Amino acid sequence: ELCAVFRTLIADEDGIYDARDPNDRLLLGMKGTLFAAELHILRARMRGNLLNKARRGELALRLPVGYRRLGDGTVVLDPDDGVRDALARIFERFAVLRSGRAVQRDFLEHDLRMPRLVQLGADAGRITWVRPTYQMIQQVLTSPVYAGVFVYGRRKQEMTPGDPPTITARRQALEEWEIVVPGVYPAYISYDQYMVNRRHLR
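All of the points below concern the structure found in this document.

What counts as what
- Residues numbered from 1 in each chain as written.
- Predicted model: local features only at pLDDT ≥ 70, side-chain atom pairs only at ≥ 80, totals over all residues.
- Heavy atoms only, no water.
- Core = buried A, V, L, I, M, F, W, Y, C linked by side-chain atoms within 4.5 Å.
- Buried < 20%, exposed > 50% of the residue type's maximum accessible area, 1.4 Å probe, protein only.
- Helix = DSSP H or I, 4+ residues; strand = E, 2+ residues; numbered from the N terminus.
- Contact = heavy atoms within 4.5 Å.
- Polar contact = N/O pair within 3.5 Å; in protein donor to acceptor, adjacent residues only side chain to side chain.
- 1 Å grid on protein atoms, 1.4 Å probe; cavity = no way out; pocket = protein on both sides within 12 Å on 5 of 7 lines; lining within 4 Å.
- Points joined across faces, edges and corners; volume = space filled by probe spheres on them.
- Nonpolar A, V, L, I, M, F, W, Y, C, P; charged D, E, K, R; others polar.
- Phe/Tyr/Trp six-rings, centres within 6.5 Å; stacked < 30°, edge-to-face > 60°.
- Lys NZ or Arg CZ within 6 Å of the ring centre and 35° of its normal.
- Pairing = 2+ DSSP bridges.
- Axes fitted to C-alpha atoms, helices over the stretch in contact; angles between N-to-C directions.
- Parallel < 35°, antiparallel > 145°, perpendicular 65-115°, else oblique.
- Salt bridge = Lys/Arg side-chain N within 4 Å of Asp/Glu carboxyl O.

**Thoughts on the nonpolar core**
Grouped together as the largest cluster of nonpolar side chains are 35 residues, with contacts concentrated most on Tyr67, Leu87, Ile90 and Tyr146. Contributions of two or more residues to this core are made by α2 (22–55), α3 (81–97), α4 (100–109), β5 (114–117), α5 (134–142), β7 (150–152) and β10 (179–181). With five residues, the single largest contributor to this core is α3. Here leucine 87 is in contact with Val65, Gly66, Val140, Tyr146 and Tyr188, once residues within four sequence places are set aside.

Rendered as structure tokens:
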């Protein structure tokens, strides 16, 4: 419609179209509908391929601190002893204290720092050491990756109507996780211990 107003021609690999010509506009409309259907099919295939890869535990998701992905895609524990020791202390202290807040206090009382993996920017992949927050402790204790488990579908995107519509990510309950594949990553704790930790957190 805009091209018709400004008398602008439209071209693709098949030809040139004048938006003021009813026949050309009809042809462009049909092409647009066909392209939209083709795009829907392509998206469905891509989604299917992604889910198939996730079911095999081969989908490369973002890893939490304590893990590194090698060039061939293999996931290994972080080679830094300090990083591994800090994470091991979180799980060890939580097994005794059974409280994320208590683990945080333990770190602060002993003036211990927690590793954080920079995910974006020029420093992506670098480890920084920060004062632990409760949220950081909780993220470690609730992440199934530390139990060696690959999970896809921990969060579900929901759209709220509006202008523009807003999309929010809501955490799913454990029993609603879409795909769960154990034994994919090297583990810091067993899966049974992970489930015990979640019960204590609740």
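**Quick notes on the side chain of threonine 142**
On the secondary structure map, threonine 142 appears in helix α5. Residue classification places threonine 142 among the buried residues on the basis of a relative accessible area of 14%. A polar contact is formed between the side chain of threonine 142 and the backbone oxygen of glutamine 138, at a distance of 2.8 Å. Residues contacting threonine 142, with those up to four places away along its chain left out, are Arg154, Tyr194, Arg198 and Leu201.

**What to know about the environment of threonine 128**
Looking at where threonine 128 falls in the secondary structure, it is placed in strand β6 (residues 127–130). Setting aside residues up to four positions removed in sequence, threonine 128 forms contacts with Met114, Pro115, Arg116 and Val118.

**Looking at the layout of surface pockets**
Space inside the largest pocket adds up to approximately 1,100 Å³. For the largest pocket, the lining is made up of 36 residues, of which Arg62, Pro64, Ser143, Arg154 and Arg155 are closest to its centre. Per-element accounting of the lining of the largest pocket gives the leading share, five residues, to α5. Residues belonging to the lining of the largest pocket are distributed by class as follows: 18 nonpolar, nine polar and nine charged.

**What about the packing of aromatic side chains?**
The full count for this structure, using the stated rule, is six aromatic pairs. Seen in terms of ring centroids, tyrosine 67 and tyrosine 185 are 6.2 Å apart; in terms of plane orientation they differ by 55°. Their pairing is tilted. Linking tyrosine 67 in strand β3 (residues 67–69) with tyrosine 185 in the loop between β10 and α6 (191–201), this pair joins segments that are 118 residues apart in sequence. A residue is classified by how much of its surface remains accessible, and tyrosine 67, at 1% relative accessible area, is buried. In this structure an aromatic cluster arises from ring pairing among Tyr67, Phe91, Tyr146, Tyr185 and Tyr188. The residue whose ring lies beneath arginine 101 is tyrosine 134, and the NZ or CZ to ring-centre distance is 4.0 Å.

**What to know about the pairing of strand β2 (residues 15–18)**
Bridge analysis of strand β1 (residues 9–12) against β2 gives four bridges, and the strand direction is antiparallel. Its bridge partner lying in β2, leucine 9 is registered against aspartate 18.

**Topic: the packing of α3 against α5**
Contact geometry for α3 and α5: axes closest at 11 Å, N-to-C directions at 85°. Compared by their axis directions, α3 and α5 come out roughly perpendicular. Along the contact surface, α3 presents Leu87, Ile90, Phe91 and Phe94, while α5 presents Ile137, Val140 and Leu141. Here the contact of α3 with α5 is composed, by residue class, of seven nonpolar, no polar and no charged.

**Examining the pattern of salt bridges**
A full pass over the atoms with the stated rule returns 11 salt bridges. The residue aspartate 81 makes a salt bridge to arginine 84 at a minimum N-O spacing of 2.4 Å. Taken as a pair, aspartate 81 and arginine 84 lie in helix α3 at a separation of three residues, close to a single helical turn. Look at aspartate 81 and you get partly exposed, because its relative accessible area is 46%. Looking at arginine 84, the relative accessible area reads 25%, which means it is partly exposed.

Any functional reading would require information that these geometric values do not contain.
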